[in-house]
Every structure is written in structure tokens, then in C-alpha cells.
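# Structural features, examined
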Amino acid sequence: MNHNITMPRSQEQVLATNKVLKNTYMLLSSTLLFSALMAVVSIYLEMPPMAYMGAVIVSMLLGMFVLPRTANSTSGIGVIFLITGLLGFGLGSIITQYLAMPKGPEIIGTAFAGTGIIFLSLSAYVLTSRRDFSFMGGFLFAGMITVVIAMVANIFLALPALSLALSAAIILLMSGLILFDTSRIINGGETNYIMATYSLYLSIFNIFISLLQILGIMGDD
Amino acid sequence: MELFLKIGLAAVLLMLVWRLYPAAKEQMKNGPKGSSDDWKGLILPAVLLIGFVFLLIMMVRG
């Protein structure tokens, strides 16, 4: 009898999980496209580097205080597009700076392709292996706190070596977060596709920014 | 203006730490603990990732 009850429930869970996964990837694709569009607008307007800091401040505030309150309603979709649009707009000002460098377009293209390959490979690894990466939670959170504190220090110190070390640490941490988040979605730990999209978007965004920085510093002779 | 933005960004980042701390504490205290095999399973993806980033650097350096 228990067997009969368990089967439909597990099927329901699988269907719900697949729905969250499908919605997450659809929303993630849309937000990435919108973000790219806003970056193009920002490049066209030749926004100064300060625009990046302003966009990050506003989008972080929205992500911390507005998105969690709206994520269970349709207005959450508007908020996530606002956040990703702002981040894309800020990113455009950084890309404008790189475009002015001798190897700028090559660095941007390589960082873009590299980010795509990292995200797709890690996602494919979790989706095919079905491994549970929830054990990484404590390590990832502790790592993020450490990195954020170091980032605060480096805003004022502006040490290139620390910047490079932080970028490397961010790539490792964000890659771990992609494994953690994707595994949470497929194991039913994350049921809100808006929050799942936000987390995956931030990982992709941070990997791209960090790769740009590493390639910008190390790619120069 | 830039200094104000830097101070604003630092404040927001510290706010993020303040928001992350309880979740981090909870995860470290009551979150699932990985076995040594779980952690060993991460070595290969991490090495591949680091190798891939080095490959990208070499590509840009030409």
C-alpha cells in the first residue's frame, strides 16, 4: 500500500522538479539576453566606469530586499529583469573600457566563451551525474563571506595582486555555486525558479567579470 | 563622486555579509556534511576548471 502511495508522489516530485528546472533555464536565457541588450545600450552611450558601481549598488539592494519579497508573485519577474538589466547596463561600461585596450575585443570574446563553457559544463555535470552537492553549502557561504570582506578592503586598497587573487577565488566559488544551485534544483531543494535564476545569473555574471579581469591582467605581455 | 560610490559599494557589500552570516552559520552547523569521497569527487572538476582558465590565458597571450 505504501508503495502505491509513494510512486505517484515521487512522480509528482519529479514533474515539479523538471518544471522548476525548465522555468529556471527559460528565465535565465531571457535575463541573459536582456542583460546583453542593456550592455549594448551602455556601450553605445559610452557610460563611464562609475556606472558599473552605481548599477551594482542598486541591483544588490534590490536583490537583498525586494526580490525575496516578490519572488513568489509575478512581480518577481519584473524585479529580476530590473536587476539583470541594471547589471548588464553596468557591465557595458566595463566592456567599453576593455574595448579601448589593444587586445580588448579578444579578451571580451574569450571571457564570454569561457563563461559559457564553464556554465554549460558544470550544469551538464550535475544534470547527468545527478550528484547531490548540498554538502558544499557551508564551505561556499564561508568562502563568500571571506571574499566579500576582502573585496571591501580592496575597494580602498586597489591592490592588483589582491584583485587577481579575488578574481581566481570568485571563479572557483561561483563554479561551486553553480554545482550547488543546480543540484538543489534537481533534488527539490529549490522550488522557486525566480530565486534559482537570480542565483545562477549572479554566478555567471561574476565568472564573466572575474575572467575579464584575469585575462585583462594576465593576457598582457 | 567616485569616493561616495566606493563607500556606498563597501556599505552594501558589508550588508551582504550581514545577510549571509546567519545562513552560513546555519549551513556550517546543521547543513549536510560531505564524506571524504564527496570532497575528493570535487578535485577533478576543480583541476579541469583551473586548467581551462590557464588555457584561456594562454590563448589571449597568443
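Just so it is clear, the model here is predicted, and its values are computed rather than measured. (Residues numbered from 1 in each chain as written. Chains lettered and ligands numbered in written order. Predicted model: local features only at pLDDT ≥ 70, side-chain atom pairs only at ≥ 80, totals over all residues.)

## Quick word on the overall build of chain A
We apply this condition: Under the DSSP-based scheme used, a helix requires at least four consecutive residues in state H or I and a strand at least two consecutive residues in state E, with every element numbered from the N terminus. Taken over C-alpha atoms, the radius of gyration is set against a globule rule of 2.2 Å times the number of residues to the power 0.38. Any residue surrounded by 20 or more other C-beta atoms within 10 Å of its C-beta is treated as buried, while 12 or fewer makes it exposed and the intermediate range makes it partly exposed; C-beta atoms here are placed from the backbone. Placing C-beta atoms from the backbone, we regard two residues as in contact once those atoms come within 7 Å.
Secondary structure assignment for chain A yields seven helices and zero strands. Each helix (α) and strand (β) of chain A, taken in turn from the N terminus, gives the series α-α-α-α-α-α-α. In terms of overall dimensions, chain A is globule-like: its C-alpha atoms have a radius of gyration of 19 Å, near the 17 Å expected for 221 residues. By its C-alpha atoms, chain A is 70 × 30 × 30 Å across when sized along the principal axes. When each of the 221 residues of chain A is scored for burial, the buried share is 40%. Relative to all contacts within chain A whose residues are 6 or more apart in sequence, the contacts with residues 24 or more apart total 82%.

## What to know about the overall build of chain B
Broken down by element type, chain B carries three helices and zero strands. In sequence order, the secondary structure elements of chain B are arranged as α-α-α. In terms of overall size, chain B is more extended than a compact globule, its C-alpha atoms giving a radius of gyration of 19 Å where 62 residues would be expected to give roughly 11 Å. The principal-axis extents of the C-alpha atoms in chain B amount to approximately 45 × 45 × 5 Å. Within chain B, buried positions represent 8% of all 62 residues.

## Digging into unusual backbone geometry
Residue and element names in this part refer to chain A. Its identity is not glycine, yet Glu 46 carries a phi of approximately 50°, on the positive side. Its location among the elements puts Glu 46 in the loop between α1 (2-44) and α2 (50-70). Using a count of 11 C-beta atoms within 10 Å as the deciding quantity, one classes Glu 46 as exposed. A positive phi angle, near 55°, is found at Arg 130, a position not held by glycine. On the secondary structure map, Arg 130 appears in the loop between α4 (104-129) and α5 (137-157).

## Looking at the confidence of the model for chain B
Regions with low pLDDT carry predicted coordinates that are not meant to be interpreted in detail. Residues and elements named next belong to chain B. The line we're drawing: What pLDDT conveys is the predictor's confidence in a given residue, as a value from 0 to 100.
In this model, chain B carries an average pLDDT of 91, and 98% of its residues clear a pLDDT of 70 or more. Of all the helices and strands in chain B, helix α2 (residues 36-40) carries the lowest mean pLDDT, 88, while helix α3 (residues 43-61) carries the highest, 94. The complex prediction reports pTM at 0.93, with the ipTM value standing at 0.93.

## Looking at α4 of chain A
Here is the rule: To estimate the expected span of a helix, count its residues, drop one, and scale the result by 1.5 Å.
The terminal C-alpha atoms of α4 of chain A, which comprises 26 residues, lie 37 Å apart, in line with the 38 Å expected from a rise of 1.5 Å per residue. Of the positions making up α4 of chain A, those classed as buried are Ile 107, Ile 108, Thr 110, Ala 111, Gly 114, Thr 115, Ile 118, Phe 119, Leu 122 and Val 126 of chain A. Contact partners of the buried residues in α4 of chain A: α3 (75-99), α6 (160-186) and α7 (193-218) of chain A together with α3 of chain B. Once α4 of chain A ends, the next one or two residues include Arg 130 of chain A, with phi positive near 55°.

## Overview of the domain arrangement of chain B
Our working definition: What fixes the domain bounds is an automatic or database domain assignment.
Under the domain assignment, chain B is made up of domain 1 (1-31) and domain 2 (36-62). Computed over C-alpha atoms, the centres of domain 1 of chain B and domain 2 of chain B are 28 Å apart.

## What to know about the environment of Leu 13 of chain B
All names here are of chain B. Within the element layout of this structure, Leu 13 appears in helix α1 (residues 2-30). We classify Leu 13 as partly exposed; it has 19 C-beta atoms within 10 Å. For the pair Leu 13 and Met 28, spaced 15 residues apart in sequence, the C-alpha separation works out to 21 Å.

## Details of the interface of chain B and chain A
Spelled out, the test is: Asp, Glu, Lys and Arg are counted as charged, while Ala, Val, Leu, Ile, Met, Phe, Trp, Tyr, Cys and Pro are counted as nonpolar; the rest, among them Gly, fall into the polar class.
Listed per partner, the contact involves 35 residues of chain B and 38 residues of chain A. Taken together, the elements giving at least two residues each to the side of chain B that touches chain A come down to α1 and α3 of chain B. With 19 residues, the top contributor of residues to the side of chain B that touches chain A is α1 of chain B. Looking at the side of chain B that touches chain A, its residues break down into 25 nonpolar, four polar and six charged.

## As for the packing of α2 of chain A against α3 of chain A
Residue and element names in this part refer to chain A. For the record, the criterion: For helices, the fitted axis covers only the stretch in contact; all axes are lines through C-alpha atoms, and the angles between them, taken along N-to-C directions, range from 0 to 180 degrees. Just so you know how the angles are binned, under 35 degrees is roughly parallel, over 145 roughly antiparallel, 65 to 115 roughly perpendicular, and the rest oblique. For any helix crossing, the convention is left-handed if the near helix is rotated counterclockwise from the far helix by under a right angle, and right-handed if that rotation is clockwise.
At a minimum axis separation of 8 Å, α2 and α3 run at an interaxial angle of 165°. For the element pair α2 / α3, the angle class is roughly antiparallel. Handedness of the crossing formed by α2 with α3: left-handed. Here the residues of the contact of α2 with α3 sort into 17 nonpolar, seven polar and no charged.

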